[in-house]
Structure formats: structure tokens, C-alpha cells
Amino acid sequence: MVFPMTDDATTAATAPGAAQGADPLWSRAADRIREEIACRGLSAGSKLPPERELCTRLDISRVTLRRALAHLVEQDLVTSSHGRGWFVAAPAPPAPAREWPKDLESFTATARRKHMRPSSDVLRHDTVTASLDDADRLDVPAGTPLIRLERVRLLNDVRIALDRTLLVADLAPELARTDFRDASLFEELRRWGVEPERAEATIEARSADAVLAGHLGIAEGAPVLVLDQTVYARDQRPLLLSTVEYSGDRYRLRTTLQTD
């Protein structure tokens, strides 16, 4: 990356008697970084040069550079990862939050309620056999056929989450042939008479590994919110296991607490 800031430009911005109203040096530096990102077509997750290198190229102090970068953070153009540096930020979708756990609501239903367009990139859609751990959670014998469904979930074409699901195949065998690029898993289950009723879930924060970062278009080490849940059918049988890893800067879970 090249950030041309001539000595003349620096002098004009700092010399006594410079024209009043001229942009401060940190603002000019922010403009140079913004222009370079645009000119080079840098995508979300692209790493900027180290601060020391940026200071040298822009001929500014680290204090000035950090003020420029803070300004770009406020504009949602760049983001930082502690100990790793600065990255081009991803555009955030306009609908911010899913209410949780008020209802057992699918990703698709939430998106539509927020007037957004859901879609999926299907990474895997096949049949596997249940491991000992999966069988224990699903209350089936080890080796039971399971439908494995792995999808990158998108809102208005913005990558939001990686969703990994294991479903007892015998409950709805037709799902092995369903096109899940646009279909909702919960809606398809209901079509075949299987009603998801409740979920037991845990939520925790983690850092994105290289594989997840690649799927979501974020920096490795960026924060993600992980929702791990077991979904039960109306007859209280375990229906499916789902682990959803949300990009930390693109999705929020919101709940309401009240006293008895």
C-alpha cells in the first residue's frame, strides 16, 4: 500500500501562518488511508500495514496516526484486533439484533421480521453417522444416520454466521434432498409434520480461527458469538443439534430480564 503525503502538504498543515480552516493533519491522514482502501479495492478483513510503517509513509507521529484511525473506526471503515493490527471493516447489515430467548425463531423468520433478505451458501449437505457424543445428546444409538447441514448465513448478501446442524434423518428423510440456499430448515420440518418447540442453548464469546474467518470474511482472531443449542420437538424428543458462530461486529443477541 502506498500513502503519498508530500512534505509540502505536511508543512502547509503545520506551519505557523497556514490558512485557517485547513484540515488538521490527522484528518488528512485519514483521507489518505480512506482513498488508498478505495483505490486498491481492499475487501473486508484486509490487513493494513503496521502502525510504524504507516507513520513512516504518512510522515506523521503515532499519536496523529491513531487519531486518524480512530476517526475511520467511527465511520465503520476500519477495525482493530488487539495485538494483531488494523483491518478493513465489513459493512454491517441494517437490522441489528435478534430478540432472545423470547421465541424459538429461525434465522429466516428473524430476518423476514426485520424486513431483510436471508440466504445461505451451503457448504455441506449430506448424511453421516452419529458419534458417541452426538448420539448421547440426541438420545439415539451411536451410528444412527444424521443429516449434516453446514451453511454460511447471509442477510442482504452480508455474511453473518456459520451454522452447523445435525438432524436425526429418520424424522424427516426428505430433507436430504432439500435445496437450503433459500429454504428455512424450521419451515421445511413443519412441512413434514415435525414441530420444533424449544431449545436449550449456551452462548459464549470466542475468537475466529482461520477457517471460520475465511467463511465469514473477517480477520482471524476477530470476536465471534457462538450459540450452541439442542432443539426439541413438540413430543420433547431431541430433534437437532446446532452450533451457530456469529460475526461479533455484525450480529447481536438481545434479551429482556424482569423480576418475579
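Placed above this text is the structure.
None of these values were measured; they are calculated from a predicted model.

A. Representation of the overall build of the protein chain in the model. A tally of regular secondary structure across the protein chain gives eight helices and 10 strands. Split into buried and exposed, the 260 residues of the protein chain put 43% on the buried side. Counting contacts in the protein chain only where the partners sit at least 6 residues apart, residues at least 24 apart contribute 62% of the total. Counting every atom, the protein chain has about 14,100 Å² of accessible surface; 49% of that belongs to carbon and sulfur.

B. Summary view of the side chain of serine 242. For serine 242, the location among the structural elements is in strand E9 (residues 238–247). Not counting residues within four places of it along the chain, the set of residues in contact with serine 242 comprises Asp163, Arg164, Thr165, Leu227, Asp228 and Gln229.

C. Spatial organisation of the side chain of aspartate 134. Mapped onto the elements, aspartate 134 comes out in helix H6 (residues 132–138). Those residues in contact with aspartate 134 that lie beyond four places of it in its chain are Leu146, Leu166 and Leu241.

D. Layout of the packing of aromatic side chains. Applying the stated criterion across every chain yields a total of zero aromatic pairs. Positioned over the ring face of tyrosine 232 is arginine 198, at 4.0 Å from the centre of the ring.

E. Geometry of helix H2 (residues 25–39). The terminal C-alpha atoms of H2 lie 21 Å apart, and with 15 residues this matches the ideal 21 Å at 1.5 Å per residue to within 8%. Where H2 is concerned, the buried positions are Leu25, Trp26, Ser27, Ala29, Ala30, Arg32, Ile33, Glu36 and Ile37.

F. Representation of the environment of leucine 162. Mapped onto the secondary structure, leucine 162 falls in strand E6 (residues 158–168). Judged by its relative accessible area of 1%, leucine 162 falls in the buried class. On a C-alpha basis, the gap between leucine 162 and valine 244 in space is 5.6 Å, while along the polypeptide they are 82 residues apart.

G. Representation of the packing of H2 against helix H4 (residues 62–74) within the structure. Axis separation between H2 and H4 bottoms out at 8 Å; the angle between their running directions is 60°. Classified by the interaxial angle, the pair formed by H2 and H4 is oblique. Here the hand of the crossing between H2 and H4 comes out right-handed. Counted together, Leu25, Trp26, Ala29, Ala30, Ile33 and Arg34 of H2 and Thr64, Leu65, Arg67, Ala68, Leu69, His71 and Leu72 of H4 form the full contact between these two elements. Considered class by class, the residues forming the contact of H2 with H4 number nine nonpolar, two polar and two charged.

Rules used throughout
- Residues numbered from 1 in each chain as written.
- Predicted model: local features only at pLDDT ≥ 70, side-chain atom pairs only at ≥ 80, totals over all residues.
- Heavy atoms only, no water.
- Helix = DSSP H or I, 4+ residues; strand = E, 2+ residues; numbered from the N terminus.
- Buried < 20%, exposed > 50% of the residue type's maximum accessible area, 1.4 Å probe, protein only.
- Contact = heavy atoms within 4.5 Å.
- Areas by Shrake-Rupley, 256 points an atom, 1.4 Å probe, with all protein chains shown as cover.
- Phe/Tyr/Trp six-rings, centres within 6.5 Å; stacked < 30°, edge-to-face > 60°.
- Lys NZ or Arg CZ within 6 Å of the ring centre and 35° of its normal.
- Expected span 1.5 Å × (residues − 1).
- Axes fitted to C-alpha atoms, helices over the stretch in contact; angles between N-to-C directions.
- Parallel < 35°, antiparallel > 145°, perpendicular 65-115°, else oblique.
- Left-handed = near helix turned anticlockwise from the far one by under 90°.
- Nonpolar A, V, L, I, M, F, W, Y, C, P; charged D, E, K, R; others polar.

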